Amino acid sequence: MSTFPRAYPMSGGDDQHSYINNSSYQIAAINSVGEKTRQCIIEKLDLPLNSDLGTFCIADYGCSIGPNTFQVVQSIIDAVKFKQLEDNNEKSLIPLEFQVFFNDQPNNDFNTLFKTQPPSSEREYFSAGVPGSFHGQVLPRNTVHIGHTSYTTHWLSNVPQHVDDKNSPAWNKNYIQCNNSIEEVTKSYKVQFTKDMKFFLEARAEEIVPGGLMIVLGQCLPDGVPLFKTCQGILVDTIGDCLMDMAKSGLTSEETIGLFTLPAYFPQFSELKTEIEHNRSFTIEIMESVRHPLEDIPLSNDFLISMFRAILSTIIKEHFGDVIDELFDRVAKKLAKYPIDFNECEKFVTYFILLKRK
């Protein structure tokens, strides 16, 4: 069974243009909920923000190497500082010290992360890298006051069992993703997603102090909508088709493709809510869909290709070798011949979740 790290969705790609497209899409979503995040911290954070608290700790799970994480961290700090003044009637206070933990898989380039963070003279926090999968506990018990993650929870700890087994009813055939077209495959992915969300929430319940917050931003499917009806699903299926074309040309093999399945599952909105409700350590303060600021901008095949080249290049290269240019040239040609009809595609739901530790 194939096993892939979770760090890929934000790790950039093999060229700067791809990284910018991928990063811009995510940062647009983060910016769009900036005021909501600020208000949530001011209204929902249930902690005494005074010198008795000591150091205020923030954890960004799945930080990767991009600049997005620094912007998120600073916005959280600004909101906490404002709340401290508000809660204490602007009395003279000893300013809080802030510690930020940047978590990602051990193969994340933490050196690049720290080289690109603001210089210490402009930074209001101490920082530390924390390698490890967020599907388990990565920080000591009761140390985190606010946790944050964005566009990460659809990535699984492992590819589900049997989806690469030709003798199993859960065999994913020549698809490279769970596109919801094969019922048994979808069931296998849902089992893995359920297990991973359980571990993710249990680990955060250990790390986050009572009254602390966990902020989750991401994408899921609307209820009743399969992935293969979205433009993102169509694009990844096209990548799989092009890999099969390359196998016919002798550039890879069907056996190699058969062992390659993306470790990602996009739940439907109600599925996601159900898994969160199963955890009794948090209350759901807010769980709602939010408008992505780019959703009304006309999409293009070139934009999608560039974005998914950024998202998937590392994982494809590790499995197939140096095929990226050839593969995405083929994808571009296929979509030029058979373009995606964006007007007919279903849209993802962008969600904002605020959890409070009981």
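Bear in mind that the values here come from a model prediction, so they are computed numbers and not experimental data.

The packing of two helices is summarised by the inter-axis angle and the distance between the axes. Remark: helix α5 (residues 183-207) packs on helix α8 (residues 269-278), axes separated minimally by 9 Å, with the N-to-C direction vectors making an angle of 40 degrees. By the angle class used here, α5 and α8 are oblique. Judged by the twist between their axes, the crossing of α5 over α8 is right-handed. Two secondary-structure elements touch here, α5 through K190, F193, T194, M197 and L201 and α8 through E271, L272, E275 and I276. Looking at the contact of α5 with α8 residue by residue, the classes come out as 5 nonpolar, 1 polar and 3 charged.

Across all of its chains, the model carries 9 aromatic pairs by this definition. Residues F134 and F200 carry aromatic rings whose centres are separated by 4.9 Å and whose planes lie at 70 degrees to one another, so their mutual orientation is edge-to-face. Residue F134 is located in the loop between β3 (126-131) and β4 (144-150), and its partner F200 is located in helix α5; the two are separated by 66 residues in the primary sequence. Take F134 and F200: they sit in the same class, and that class is buried. Aromatic rings pair up to connect F70, F102, F114 and Y125 into one cluster. Its end group placed over the ring of Y125, R123 keeps NZ or CZ at 5.7 Å from the ring centre. The positively charged end of R204 is found above the aromatic ring belonging to Y61, 4.2 Å away from the centroid.

Strand order in the open sheet formed by 7 strands is β3-β2-β1-β4-β5-β7-β6, and the pairing between neighbours is mixed. Two strands lie at the open edges of the sheet, namely β3 and β6 (282-290), each paired on one side alone. The average angle at which neighbouring strand axes cross in this sheet is 15 degrees, direction not considered. As defined by bridge partners, strand β5 (residues 208-220) adjoins strand β7 (residues 349-357) across 8 bridges and the pair is classed as antiparallel. Residue pairing for β7: C220 is matched across the bridge by V349. Lying over the sheet, helix α3 (residues 68-87) contacts β1 (55-61), β2 (97-104) and β4, oriented at roughly 150 degrees with respect to β2.

Each value, and the rule that gives it
- Residues numbered from 1 in each chain as written.
- Predicted model: local features only at pLDDT ≥ 70, side-chain atom pairs only at ≥ 80, totals over all residues.
- Heavy atoms only, no water.
- Axes fitted to C-alpha atoms, helices over the stretch in contact; angles between N-to-C directions.
- Helix = DSSP H or I, 4+ residues; strand = E, 2+ residues; numbered from the N terminus.
- Parallel < 35°, antiparallel > 145°, perpendicular 65-115°, else oblique.
- Left-handed = near helix turned anticlockwise from the far one by under 90°.
- Contact = heavy atoms within 4.5 Å.
- Nonpolar A, V, L, I, M, F, W, Y, C, P; charged D, E, K, R; others polar.
- Phe/Tyr/Trp six-rings, centres within 6.5 Å; stacked < 30°, edge-to-face > 60°.
- Buried < 20%, exposed > 50% of the residue type's maximum accessible area, 1.4 Å probe, protein only.
- Lys NZ or Arg CZ within 6 Å of the ring centre and 35° of its normal.
- Pairing = 2+ DSSP bridges.

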